[in-house]
Amino acid sequence: MKKFLLFASVAAFAVSCNDSLKENEFLVTGTIDTIYNGKQVFLKEAPKERMAQPVSLDTAVVENGKFTFRGMAETPQERFLFIEGEEKNAPIRFFAEEGNIAINVNKDTIYNSTVTGTFNNEVLAKYNKLNNEVSKKGQELSQEYTKASQSQDEEAMTKIEDKFETFSDEMYTKFKAFIEENPTAEISIQAFPSLLRSQKATYEELQSIFDKLPQSSKDSDLGKKISEYLEKKKQADAAKSATSVGKQVPGFAAPTPDGKMLSIKEAMGKVTIIDLWASWCGPCRKENPNVVAMYNELHGKGLNIIGVSLDEDGDKWKQAIAADKLTWQHISNLKGWDEPIAKQFGVNSIPATVVLDANGVIVARDLRGDELKAKVEELLAK
């Protein structure tokens, strides 16, 4: 009986605490090291416009290692806490929403402070943990690549590039699971861009995940941008399907560096490579010596290449052709990522290659290095 009475009294206390908050009211209770006693804590909202400063909403003073904020929020609102003297560090991020919100400030890494107590903040904590794990792995790979690049270790760089591709797929799987487990959480729409780094994710997969989010998330500024991206992705995937292996190459033409029009039919050989690149594309320029060597060796046997540039600056395009000794034919509409030929093939990353046989049938896509040369030699031998 005593245990029951104790349980009842604790439950009654919990109810009374919750009842002290009005509908849509939130109470933030912060715990911080006492070295901050007397310091101010600033509650701010994200700026409405890009590059603008966060907007101040309220201020509290730390007393005995504690601070509080009380306010109203009809819907969850993203908020930030800045601590006086720590403005150079990333702020504490949380969602202001009905209920009691507890924030335990980590004085060593402010942005890693823990926020608990309400649905969106509990999910935010899970997101932060996942995001930190992914960021750490990404930083480690970047450091490895920088080290290999500085020592000009081509073999190591290629292996790390493969690791990056695997990493992006793993990241896609993890963030996909997170969003599907928490579709109504405010942070899920903000986690969505992490899915877009995977080159293997199809429009259908991404749209299916996006459809599970609430309408309020879809109607947000970020949601609208994602919708626009998905529509472009849909068109790109359709274009890529129409130009997949086994399909006849579509007709296209564009100006050469000297302003004359050149069509794909005029540029074809026994084997033809459509090479999509740009002067500003580091990986493209890095690959060019391999392509030059292959072309010099196999052009006499029937290999033709037509370069399609995603440049916008004609002078830089011409300078790169000369500097890299790209002696094959080149065309471009100088429209950057709006290049019609790139869109025609559904290309959303470069370098990209399309290999054609003598009849203009697409026999391979996106081969590079030794794989590309092996495919060309196989076709020339027929």
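Here is what the cut-offs are and how they apply
- Residues numbered from 1 in each chain as written.
- Predicted model: local features only at pLDDT ≥ 70, side-chain atom pairs only at ≥ 80, totals over all residues.
- Heavy atoms only, no water.
- UniProt positions renumbered as here; feature names shortened; annotations may be inferred.
- Helix = DSSP H or I, 4+ residues; strand = E, 2+ residues; numbered from the N terminus.
- Rg over C-alpha atoms; globule rule 2.2 N^0.38 Å.
- Contact = heavy atoms within 4.5 Å.
- Areas by Shrake-Rupley, 256 points an atom, 1.4 Å probe, with all protein chains shown as cover.
- Lys, Arg positive; Asp, Glu negative; His and termini not counted.
- Charge placed at Lys NZ, Arg CZ, Asp CG, Glu CD.
- Expected span 1.5 Å × (residues − 1).
- Disulfide = S-S within 2.5 Å.
- Buried < 20%, exposed > 50% of the residue type's maximum accessible area, 1.4 Å probe, protein only.
- Core = buried A, V, L, I, M, F, W, Y, C linked by side-chain atoms within 4.5 Å.
- Salt bridge = Lys/Arg side-chain N within 4 Å of Asp/Glu carboxyl O.
- Phe/Tyr/Trp six-rings, centres within 6.5 Å; stacked < 30°, edge-to-face > 60°.
- Lys NZ or Arg CZ within 6 Å of the ring centre and 35° of its normal.
- Pairing = 2+ DSSP bridges.
- Axes fitted to C-alpha atoms, helices over the stretch in contact; angles between N-to-C directions.

An unreviewed UniProt entry lists the protein chain under the name TlpA disulfide reductase family protein, with Flavobacterium rhizophilum given as the organism. According to UniProt, the comment filed for the protein chain under the heading Subcellular location (unreviewed entry) is "Cell envelope".

A. Structural context of the overall build of the protein chain. The helix and strand tally for the protein chain stands at 12 helices and 15 strands. Relative to the compact-globule value of 21 Å for 382 residues, the protein chain shows a C-alpha radius of gyration of 28 Å, a clear excess of over 25%. When contacts within the protein chain are restricted to residue pairs at least 6 apart in sequence, long-range pairs at least 24 apart make up 63% of them. Accessible surface for the protein chain amounts to roughly 21,200 Å². Of this, 51% is attributable to carbon and sulfur atoms. Averaging the locations of the 49 positively and 57 negatively charged side chains of the protein chain gives two centres separated by 2 Å.

B. Examining helix H7 (residues 221–242) more closely. When the terminal C-alpha atoms of H7 are compared, their 32 Å separation across 22 residues agrees well with the 32 Å that a helix rising 1.5 Å per residue should span. Residues of H7 that are buried make contact with helix H4 (186–191), helix H5 (203–211), helix H6 (215–218) and helix H11 (340–344).

C. Region of the structure containing the state of the cysteines. Applying the stated criterion across every chain, the model contains one disulfide. What pairs with Cys281 in a disulfide is Cys284, and their sulfur atoms sit 2.3 Å apart. On the S-S bond that ties Cys281 to Cys284, the torsion sits near 75°, and the link is right-handed.

D. Helix H3 (residues 154–181), seen in detail. Under the 1.5 Å per step criterion, the end-to-end length of H3 is 41 Å for 28 residues, consistent within 8% with the ideal 40 Å. For H3, the complete set of buried residues consists of Met157, Ile160, Phe167, Ser168, Met171, Tyr172, Phe175, Phe178 and Ile179.

E. Here's a closer look at unusual backbone geometry. The step from Ile350 to Pro351 runs through a cis peptide bond, and the omega angle for that step is 10°. Within the secondary structure layout, Pro351 lies in the loop between H11 and strand S14 (352–356). With phi around 50°, Asn64 is a residue other than glycine that occupies positive phi space. Assignment of secondary structure puts Asn64 in the loop between strand S3 (55–61) and strand S4 (66–72). The phi angle at Lys325 is positive, at roughly 60°, despite the residue not being glycine. Along the chain, Lys325 falls in the loop between helix H10 (314–323) and strand S13 (329–331).

F. Main features of the nonpolar core. In this structure, Phe252, Ile274, Leu276, Phe345 and Val376 are the most contacted members of the largest nonpolar core, which totals 46 residues. If one sorts the elements of this core by residue count, helix H9 (residues 282–298) sits on top with six residues. Residues in contact with Ile274, not counting those within four places in the same chain, are Val249, Phe252, Ile264, Ile306, Val308, Phe345, Ala352, Thr353, Val354 and Leu356. Among the nonpolar cores identified, the runner-up in size contains 27 residues, and Tyr127, Phe167, Ala191 and Tyr203 belong to it.

G. Spatial organisation of the pattern of salt bridges. Using the criterion set out here, one finds 15 salt bridges in the structure. Between Lys163 and Glu144 there is a salt bridge, with its nearest N and O atoms 3.5 Å apart. Residue Lys163 is found in helix H3, and its partner Glu144 is found in helix H2 (residues 119–150); the two are separated by 19 residues along the sequence. By relative accessible area, which is 35% here, Glu144 ends up partly exposed. Each of Lys176, Glu180 and Lys212 takes part in one network of salt bridges that share partners.

H. Summary view of the packing of aromatic side chains. Tallied over the entire structure, the rule returns seven aromatic pairs. Taken together, a centroid distance of 6.0 Å and an interplanar angle of 55° make the contact between Trp280 and Trp337 tilted. Taken together, the positions of Trp280 in the loop between strand S11 (271–277) and H9 and Trp337 in the loop between S13 and H11 put the pair 57 residues apart, joining distant regions of the chain. An aromatic cluster is defined as three or more aromatic residues linked by ring pairs; in this entry it consists of Tyr127, Phe175 and Phe178. The residue whose ring lies beneath Lys44 is Phe82, and the NZ or CZ to ring-centre distance is 4.9 Å.

I. A look at the sheet that holds strand S6 (residues 92–96). Read from one edge to the other, the open sheet built from four strands follows the order S3-S2-S5-S6, with strand pairing classed as antiparallel. What marks the edges here is a single partner per strand, and that holds for S3 and S6. In this sheet, adjacent strand axes meet at a mean angle of 30° when their direction is disregarded. Looking at chain direction, strand S2 (residues 40–45) and S3 are connected through six bridges and run antiparallel. The residue of S3 that forms the bridge with Leu43 is Asp58.

J. Representation of the pairing of strand S15 (residues 362–365) in the model. As paired strands, S14 and S15 are joined by three bridges and run antiparallel to one another. Residue Leu356 lies in a different strand from S15, and its bridge partner there is Ile362. Hairpin remark: S14 followed by S15, antiparallel, with five residues in the connecting loop; positive phi at Gly360, about 80°.

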